[in-house]
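Each chain is listed here by its residues.
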Amino acid sequence: MLERPRSSPAWTGAAIAAGLLGIAVALAGRLDLPLILAGLGSVCLGGWLGGRGQAAPPPRPATTAQRHAVAEALLAHVPDPVILVDRRTLVVEANPAARALLPALHHARPLSFALRSPEVLDGVEAVLSSGMPRRVALATRVPLERTFEVQIGALPMPDGSGVSAVLFLRDLTSARRLEAMRVDFVANASHELRTPLATLIGFIETLQGPAREDGQARERFLEIMRVQAQRMTRLIDDLLSLSRIELREHVAPTAVVDLAALARQMVDAQGPPAKARGATVQFEHADGSYPVAGDADELARVIENLIENAVKYGGGHVGVGLVREDDPRLGRRIVLSVADDGPGIPPEHIPRLTERFYRVDVASSRARGGTGLGLAIVKHSLNRHRGRLAIESTVGRGTTVRVSLPEYGPAADQGGPA
């Protein structure tokens, strides 16, 4: 709805004065033309002078500017990258998330200078020409491998200069990684189970056929079947254990456990199996208690897995030790170390040792009864306990695995999550 322009107060007053002067002259009954002209001239002069000094009326609230400021504030708090480009694909606006993702993104510069993706640029051109929204995929490799879904929509420019395009980048990296992990996990688990199942089926068929009456072969085959069945049982137990740990990984334990007593108990339990393999496990005496906030069963499984790995793949001697350390960043820590004098691990394998089903030597691991899940269980258990895992190895000299946990106590700095 259009508004009538408002007159100046000075001119309004001048008009009223002119009217009153005209009425006064009419009532006087005589027409004095010079007086009337002089009066009208004075009124006009006063109105003009008053109009010059009169300030312009205050503008109405800038609704458009306010809405633009609110939109910018909202855009700054959107966690996903958002970019606005004009009809020439020049960057009009970008929120902090977009600038962090694309450091070369600058105002009034072409989008192609910062985003070198033909699919996205073609999508922007298509939206600007047709006005129809588009969705395209964007994958980045540097500095990290990330995946985005880019939603492109048409948006009229606030100044009426034409149609612009807004790009909303939704980060799908975590979802894609979880999906890849799930697929890999199912594939690896099915592969690990397929081998012992095929072995069992083959021996059962042999016992039902050619070796039906061969007592010596039957005993040998039954022993192999027992070993394979135990392997499947261990694999299923490890899978269930890993699933339970991952389910509670975000919940920190609150019970207090003496890590020294737990380590001594695991060393005593692993002594006879290690002796059967020709190895010895020795616990370096630790005076006093070493309290940590933790789940006793999970920490026992961590120590057990580390000692088992050292016995299976290490040398003839395995040493288990406990020390206290003061970390300037994490505070007071208790460090459990498991060291062996075995052949060591090549450095290229160390970063992947905690992956599910990863083995340095697949055949050797399976022959020793390994499932490939031991260190994965250790890693996820330590994540729940806000602990850290470090693996050091020298080929020909052995391997040392260190587990660092925050010491429990009112004066102890618990540090942050690993």
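A brief look at the structure comes next. This structure is a prediction, so every number in the text was calculated from the model and none was measured. (Residues numbered from 1 in each chain as written. Predicted model: local features only at pLDDT ≥ 70, side-chain atom pairs only at ≥ 80, totals over all residues. Heavy atoms only, no water.)

Membership of the largest hydrophobic core comes to 38 residues, with the highest contact counts inside it found for L259 and L322. Elements represented by at least two residues in this core include exactly helix 8 (259-276), strand 7 (280-283), helix 9 (296-313), strand 9 (317-327), strand 10 (331-340), helix 11 (374-384) and strand 12 (398-406). In terms of residue count, the dominant contributor to this core is helix 9 (eight residues). For L259, the contacting residues outside a window of four places in its chain are Y290, L299, I303, L322, I334, L336 and L405. (Core = buried A, V, L, I, M, F, W, Y, C linked by side-chain atoms within 4.5 Å. Buried < 20%, exposed > 50% of the residue type's maximum accessible area, 1.4 Å probe, protein only. Helix = DSSP H or I, 4+ residues; strand = E, 2+ residues; numbered from the N terminus. Contact = heavy atoms within 4.5 Å.)

Viewed as axis vectors pointing N to C, helix 7 (residues 215-247) and helix 11 meet at an angle of 20 degrees, and their least axial separation amounts to 9 Å. Our classification of the angle between helix 7 and helix 11 gives roughly parallel. Where helix 7 crosses over helix 11, the two elements pack in a sense that is left-handed. Counting all contacts with helix 7, which are made through D238, S241, L242, I245 and E246, the residues of helix 11 involved are A376, I377, H380 and S381. (Axes fitted to C-alpha atoms, helices over the stretch in contact; angles between N-to-C directions. Parallel < 35°, antiparallel > 145°, perpendicular 65-115°, else oblique. Left-handed = near helix turned anticlockwise from the far one by under 90°.)

Where strand 1 (residues 82-85) and strand 5 (residues 163-171) come together, four bridges link them in antiparallel fashion. Each bridged residue has a counterpart across the sheet, and for V82 the counterpart in strand 5 is F168. Across nine bridges, the pairing between strand 4 (residues 146-156) and strand 5 is antiparallel. Along strand 5, the bridge assignment pairs L155 with S164. (Pairing = 2+ DSSP bridges.)

For the rest of this paragraph, the subject is helix 11. Most of helix 11 sits out of view: nine of its 11 residues are buried. Of all the positions in helix 11, only G374, L375, A376, I377, V378, H380, S381, L382 and R384 are classed as buried. Buried residues in helix 11 make contact with helix 7, helix 9, strand 11 (388-394) and strand 12. In the stretch just after helix 11, R386 is the one whose phi turns positive, near 55 degrees.

Packed helix pairs are characterised by how far apart their axes lie and by the angle those axes make with each other. Where helix 9 meets helix 11, the axes come as close as 9 Å, and the angle between the chain directions of the two elements is 145 degrees. Between helix 9 and helix 11 lies a crossing of left-handed hand. Residues E298, R301, V302, N305, L306 and N309 of helix 9 pack against G374, L375, I377, V378, S381 and R384 of helix 11. Class assignment of the residues belonging to the contact of helix 9 with helix 11 gives a composition of five nonpolar, four polar and three charged. (Nonpolar A, V, L, I, M, F, W, Y, C, P; charged D, E, K, R; others polar.)

This part is about the side chain of D238. By the secondary structure assignment, D238 is in helix 7. Not counting chain neighbours up to four residues away, the residues in contact with D238 comprise R301, T371, L373 and I377.

In this structure, R384 sits in helix 11. Judged by relative accessible area, R384 falls into the buried class, the value being 7%. Contact partners of R384, with chain neighbours within four places excluded, come to R248, E249, V251, A252, P253, D295 and E298.

Another point: the pattern of salt bridges. Evaluation of the coordinates by the stated rule reveals 14 salt bridges. Between R384 and D295 there is a salt bridge; the shortest N-O distance is 3.7 Å. Within this pair, whereas R384 is found in helix 11, its partner D295 is found in the loop between strand 8 (291-293) and helix 9, the two being separated by 89 residues in sequence. Residues R384 and D295 agree in their burial class; the two are buried. The partner of R402 in a salt bridge is E392, with the nearest N and O atoms 2.8 Å apart. Within this pair, whereas R402 is found in strand 12, its partner E392 is found in strand 11, the two being separated by 10 residues in sequence. The class for E392 is partly exposed, based on a relative accessible area of 44%. Salt bridges sharing common partners tie together R324, D326, R332 and E407. (Salt bridge = Lys/Arg side-chain N within 4 Å of Asp/Glu carboxyl O.)

Let us now look at unusual backbone geometry. A positive phi angle, close to 60 degrees, is found at T89, a residue other than glycine. Residue T89 is classed as buried on the basis of its relative accessible area, which comes to 17%. Despite not being glycine, A108 has its phi angle at roughly 65 degrees, a positive value. Here A108 is to be found in the loop between helix 4 (96-101) and helix 5 (118-130). Judged by its relative accessible area of 45%, A108 is partly exposed.

With that settled, consider helix 9. Every α-helical turn comprises 3.6 residues, leaving residues that sit three or four positions apart pointing alike. The end-to-end C-alpha distance of helix 9, which contains 18 residues, comes to 26 Å, matching closely the 26 Å that a straight helix rising 1.5 Å per residue would cover. Capping the start of helix 9 is the job of one residue whose side-chain oxygen sits 2.9 Å from the backbone nitrogen of D297: D295. (Expected span 1.5 Å × (residues − 1). Polar contact = N/O pair within 3.5 Å; in protein donor to acceptor, adjacent residues only side chain to side chain.)

All right, on to the environment of F148 then. In this fold, F148 is placed in strand 4. As for F148 and V136, which are separated by 12 residues in sequence, their C-alpha atoms are 8.6 Å apart. Each residue touching F148, except ones within four places of it in the same chain, is listed here: L101, V136, A137, L138, T140, L169, R170, D171 and L172.

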